[in-house]
Amino acid sequence: MDIAWAVAGAVAGAGAGAALRGAVFRFSVPPGDPDRRACTRCGAPLGRWLAARCGGCGAWLGRPGVLELVTAGVLALLLGRFAGEPAAPAFAFLGAIGVALAAIDAAAQRLPDRLTLPAVPVMIALLGLAAVLGHQAWPLARALLGGLALAGGLLLLGVLRPGQVGGGDVKLAGLVGLALGWLGWPVVAAGAALAFLLAGAAAVILLALRRVTLRGHLAFGPFLLGGALIGMLAMAGPGR
Ligand SMILES: [Zn+2]
């Protein structure tokens, strides 16, 4: 863990969390509903996309500080771990967008295409840049294959068990698979396995606490992202 890079990650993460706060607020509505366009407290129309507070009454859009703190923590871990590596910016980008997507999925059980889909070409471009800087093409090819493999795996699961996996999960798996694939096939396998383990453990705990029923739906996005994060931090070997 490189402390200077971790501190830089925390600062960048706090800024990224604040910048994504407006998007999380607008997209945190049930699937199919129109985006939020007004403050839930005073009803004033929302202003700029990057604004963290209502322009009318000054209320925070969403719970104050949580998004900033979590994004700062995730980026501190990722940049501290992958300090100075060509793929570090790509991982930081995924970390920031991932926290926003996890927050929306946890709140509203959806992963909006308007956040996930543009993130895919950005991620590919950042990894492409990393391949050029690191003079290695194979990790980039493996990243693309990893994205396809993870998205394909979830798509298959969605076909076999309809209702458990949504289209948003498949697209998010493609995005996450890019980062895991860059780091190697063991990381792809570990990230996927951890996602299902975490989701299973959460389901058992929530069932025991009677917070969900057997027929209830548990948002999978936060577990997919959490499993990927742990897999990346724990499994990526040195000297790639
Ligand atoms: Zn307001």
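Computed from a prediction, not measured in an experiment: that's the story for all the values here.

### Considerations on the overall build of the protein chain
So, point 1. Per the secondary structure count, the protein chain includes eight helices and zero strands.
So, point 2. When its helices and strands are written in sequence order, the protein chain yields α-α-α-α-α-α-α-α.
So, point 3. Expected size for 240 residues packed as a compact globule is a radius of gyration near 18 Å; at 18 Å, the protein chain falls within 12% of this value.
So, point 4. Across the 240 residues that make up the protein chain, the buried fraction comes to 45%.
So, point 5. Within the protein chain, counting contacts between residues at least 6 apart in sequence, those at least 24 apart form 70% of the total.
So, point 6. A distance of 6 Å separates the average location of the 18 positive side-chain charges in the protein chain from that of its 8 negative side-chain charges.

### A short note on a nonpolar patch on the surface
So, point 1. On the surface, M1, I3, V7, V11 and L77 cluster together into a nonpolar patch covering about 520 Å² of accessible area.
So, point 2. For the nonpolar patch, the element with the most residues is helix α1 (residues 3-27), which contributes three residues.
So, point 3. By secondary structure assignment, the location of I3 is in helix α1.
So, point 4. I3 sits in the exposed class, given a relative accessible area of 61%.

### Examining the coordination of the zinc ion
So, point 1. Protein-derived coordination of the zinc ion comes from C39 (SG), C42 (SG), C54 (SG) and C57 (SG), at a distance range of 2.3 to 2.4 Å.
So, point 2. Coordination at the zinc ion is tetrahedral, judged from the four donor atoms that bind it and the angles of 103 to 113° they form at the metal.
So, point 3. In primary sequence terms, the donor set of the zinc ion follows C-x2-C-x11-C-x2-C. Taken together, the positions of C42 in the loop between α1 and α2 (66-81) and C54 in the loop between α1 and α2 put the pair twelve residues apart, joining distant regions of the chain.
So, point 4. Of the residues examined, C42 reaches a relative accessible area of 39% and is grouped as partly exposed.

### A look at the nonpolar core
One broad rule of soluble globular proteins: the nonpolar side chains tend to lie buried together.
So, point 1. By size, the foremost hydrophobic cluster in this structure holds 59 residues, and its most contacted members are W182 and M232.
So, point 2. The residues touching W182, leaving out its near neighbours within four places in the chain, are A87, F91, L127, A130, A131, P139, L140, R142 and A143.
So, point 3. By size, the runner-up hydrophobic cluster in this structure holds six residues, among which are A44, L46, C54 and L61.

### Focus on the packing of α1 against helix α3 (residues 88-108)
So, point 1. Running from N to C, α1 and α3 point in directions that differ by 40°, and their axes come no closer than 9 Å. Classed by the angle they form, the pair α1 and α3 counts as oblique. Considering how the two elements wind past one another, α1 and α3 form a crossing that is right-handed. Counted together, W5, A16, L20, A23, V24 and F27 of α1 and A88, A96, I97, A100, A103 and I104 of α3 form the full contact between these two elements.
So, point 2. A class-by-class count of the residues in the contact of α1 with α3 yields twelve nonpolar, no polar and no charged.

### A look at the packing of aromatic side chains
So, point 1. On inspection of all chains with the given rule, the structure shows three aromatic pairs.
So, point 2. A centroid spacing of 5.9 Å and a plane angle of 50° characterise the contact between F27 and W49, whose relative ring orientation is tilted. One end of the pair, F27, is in helix α1; the other, W49, is in the loop between α1 and α2, and 22 residues separate them in sequence.
So, point 3. Positioned above the aromatic ring of W49, the side-chain terminus of R26 is 4.4 Å from the ring centre.

### Concerning the pattern of salt bridges
So, point 1. A full pass over the atoms with the stated rule returns three salt bridges.
So, point 2. When the shortest N-O distance is used, the salt bridge between R114 and D35 registers 2.9 Å. Separated by 79 residues along the polypeptide, R114 in helix α4 (residues 113-133) and D35 in the loop between α1 and α2 bring together distant segments of the chain.
So, point 3. Between D113 and K171 there is a salt bridge, with its nearest N and O atoms 2.8 Å apart. Of this pair, D113 sits in helix α4 while K171 sits in helix α6 (residues 167-183); the two residues are 58 residues apart in sequence, bridging distant segments of the chain.

### Quick notes on helix α8 (residues 221-235)
So, point 1. With 15 residues, α8 extends 21 Å between its outermost C-alpha atoms, agreeing within 8% with the 21 Å of an ideal straight helix rising 1.5 Å per residue.
So, point 2. Its buried side turned inward, α8 meets α2, α3, α5 (138-160), α6 and α7 (185-208).

Thresholds applied
- Residues numbered from 1 in each chain as written.
- Predicted model: local features only at pLDDT ≥ 70, side-chain atom pairs only at ≥ 80, totals over all residues.
- Heavy atoms only, no water.
- Helix = DSSP H or I, 4+ residues; strand = E, 2+ residues; numbered from the N terminus.
- Rg over C-alpha atoms; globule rule 2.2 N^0.38 Å.
- Buried < 20%, exposed > 50% of the residue type's maximum accessible area, 1.4 Å probe, protein only.
- Contact = heavy atoms within 4.5 Å.
- Lys, Arg positive; Asp, Glu negative; His and termini not counted.
- Charge placed at Lys NZ, Arg CZ, Asp CG, Glu CD.
- Patch = residues over 30% accessible without salt bridge, like charges linked within 9 Å, V, L, I, M, F, W, Y side chains within 5 Å.
- Areas by Shrake-Rupley, 256 points an atom, 1.4 Å probe, with all protein chains shown as cover.
- Salt bridge = Lys/Arg side-chain N within 4 Å of Asp/Glu carboxyl O.
- Donors = N, O, S within 2.8 Å, 3.2 Å for Na, K, Ca; no water.
- Tetrahedral: all angles 85-135°; square planar, octahedral: opposite > 155°, others 65-115°.
- Core = buried A, V, L, I, M, F, W, Y, C linked by side-chain atoms within 4.5 Å.
- Axes fitted to C-alpha atoms, helices over the stretch in contact; angles between N-to-C directions.
- Parallel < 35°, antiparallel > 145°, perpendicular 65-115°, else oblique.
- Left-handed = near helix turned anticlockwise from the far one by under 90°.
- Nonpolar A, V, L, I, M, F, W, Y, C, P; charged D, E, K, R; others polar.
- Phe/Tyr/Trp six-rings, centres within 6.5 Å; stacked < 30°, edge-to-face > 60°.
- Lys NZ or Arg CZ within 6 Å of the ring centre and 35° of its normal.
- Expected span 1.5 Å × (residues − 1).

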